[in-house]
Amino acid sequence: MTGRIHSFESFGTVDGPGIRFVTFMQGCPLRCQYCHNPDTWDVNGKCQYEMTPEELFAETIRYRSFIANGGVTVTGGEPLMQASFVREYFRLCAEEGLHTALDTSGIICTPLAFSVLDYTKLVMLDIKTFNAELHPRLTGVEGVNPLRFLDELERRNVPTWIRHVVVPGLTDNEDDVESLARHIANYQSVEKVEVLPYHTMGAYKYQQLGIPYPLEGVEPLNKEKLHRVKEIFATYKPVG
Ligand code: SF4
């Protein structure tokens, strides 16, 4: 079994607790308008590495002393497009006592995808929107329930951080934020919410790939709006 890996980062500090070895998997079924990694979309697209789980683990373990108090994170793209690979990599890491975190959109709800959770200590679940009408326009995919994955996390009692990107004019509607915040308050597994402000740093990648940038002209989120969205979430769950 080989995984198609877009890239990895040896000293990640923003994708889970502590210092982490972060792997970015190739491939994603969504096309979020604000995506800053469009170069990960095509699972068969250009990637930096094709490796077995054992080879990725061998690379990871070189950094063991640095990540001892952090761990490993697998993100993307959508890592569960290569669920068998991630499951085996996490199994190897867990055997060595490394903390395993999965950053996912939760869009793939198959038994195989869920089986990755057997070896996952933390899930960072990127909920795009609670607004069912907006979801297809925002992500390019129809007819999915982004909250089914959260139900599975609750059933298995997997510690979960919710991630929510706030885009001006799309996901900054206070009623939508309130509905999402109120909904996730029901889940014991949700430890906190990370509110991520929309930024334009990925725009150049669209140019490089020769595809139009969907949010051309949309300004980065301002501090006041960010503060307001955080306030709403903080009524129900810790925000950090
Ligand atoms: S799920 Fe993530 S990688 Fe996939 S399109 Fe959305 S933002 Fe991009």
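Visitor: For this particular structure, what's the right way to read the pairing of strand 5 (residues 100-104)?
Guide: Strand residues, when the strand is regular, have side chains that alternate between the two faces of the sheet. Of all the five residues making up strand 5, five are buried; the element is thus mostly covered by neighbouring parts of the structure. Covered by surrounding structure in strand 5 are Thr100, Leu102 and Thr104 together with Ala101 and Asp103, the residues of both alternating faces. Inspection of the sheet shows strand 4 (residues 71-75) paired to strand 5 by three bridges, in the parallel sense. Paired with Thr73 across the two strands is Ala101, which belongs to strand 5. By the bridge criterion, four bridges tie strand 5 to strand 6 (residues 122-126) in an arrangement that is parallel. The residue of strand 6 that forms the bridge with Leu102 is Val123.

Visitor: Looking at this structure, how should I read the state of the cysteines?
Guide: Disulfides are covalent bonds that connect the sulfur atoms of two cysteines. Taken as a whole, this structure holds zero disulfides when the rule is applied. Left without a disulfide partner, Cys109 is nearest to the cysteine sulfur of Cys28, which lies 13 Å away.

Visitor: Please clarify how the packing of helix 7 (residues 174-184) against helix 9 (residues 223-234) should be interpreted in this entry.
Guide: At a minimum axis separation of 9 Å, helix 7 and helix 9 run at an interaxial angle of 30°. Here helix 7 lies roughly parallel to helix 9, going by the angle between them. When the axes of helix 7 and helix 9 are compared, the crossing they make is right-handed. Where helix 7 abuts helix 9, its residues Glu174, Val177, Glu178, Leu180, Ala181 and Ile184 lie against Lys225, Arg228, Val229, Ile232 and Phe233. Classifying every residue of the contact of helix 7 with helix 9 gives seven nonpolar, no polar and four charged.

Visitor: Sorry, what's going on with the nonpolar core here?
Guide: Most often, soluble globular proteins have nonpolar side chains that are buried together. Grouped together as the largest cluster of nonpolar side chains are 67 residues, with contacts concentrated most on Tyr89, Phe149, Leu150 and Phe233. Per-element tally for this core: the top contributor is helix 3 (residues 83-95), with seven residues.

Visitor: Is there a simple way to explain the sheet that holds strand 3 (residues 49-51) in this structure?
Guide: Adjacent strands of a sheet pair through backbone hydrogen bonds, lying either parallel or antiparallel. In spatial order, the strands read 3-1-2-4-5-6-7-8; together these eight strands make up an open sheet with mixed pairing. This sheet does not close on itself; its edge strands, each paired only once, are strand 3 and strand 8 (190-197). For this sheet, the mean angle separating the axes of adjacent strands, direction not counted, is 30°. Pairing of strand 7 (residues 160-166) with strand 8 involves seven bridges; the strand directions are parallel. Of the residues in strand 8, the one forming a bridge with Thr160 is Val190.

The rules behind these values
Residues numbered from 1 in each chain as written. Predicted model: local features only at pLDDT ≥ 70, side-chain atom pairs only at ≥ 80, totals over all residues. Heavy atoms only, no water. Buried < 20%, exposed > 50% of the residue type's maximum accessible area, 1.4 Å probe, protein only. Helix = DSSP H or I, 4+ residues; strand = E, 2+ residues; numbered from the N terminus. Pairing = 2+ DSSP bridges. Disulfide = S-S within 2.5 Å. Axes fitted to C-alpha atoms, helices over the stretch in contact; angles between N-to-C directions. Parallel < 35°, antiparallel > 145°, perpendicular 65-115°, else oblique. Left-handed = near helix turned anticlockwise from the far one by under 90°. Contact = heavy atoms within 4.5 Å. Nonpolar A, V, L, I, M, F, W, Y, C, P; charged D, E, K, R; others polar. Core = buried A, V, L, I, M, F, W, Y, C linked by side-chain atoms within 4.5 Å.

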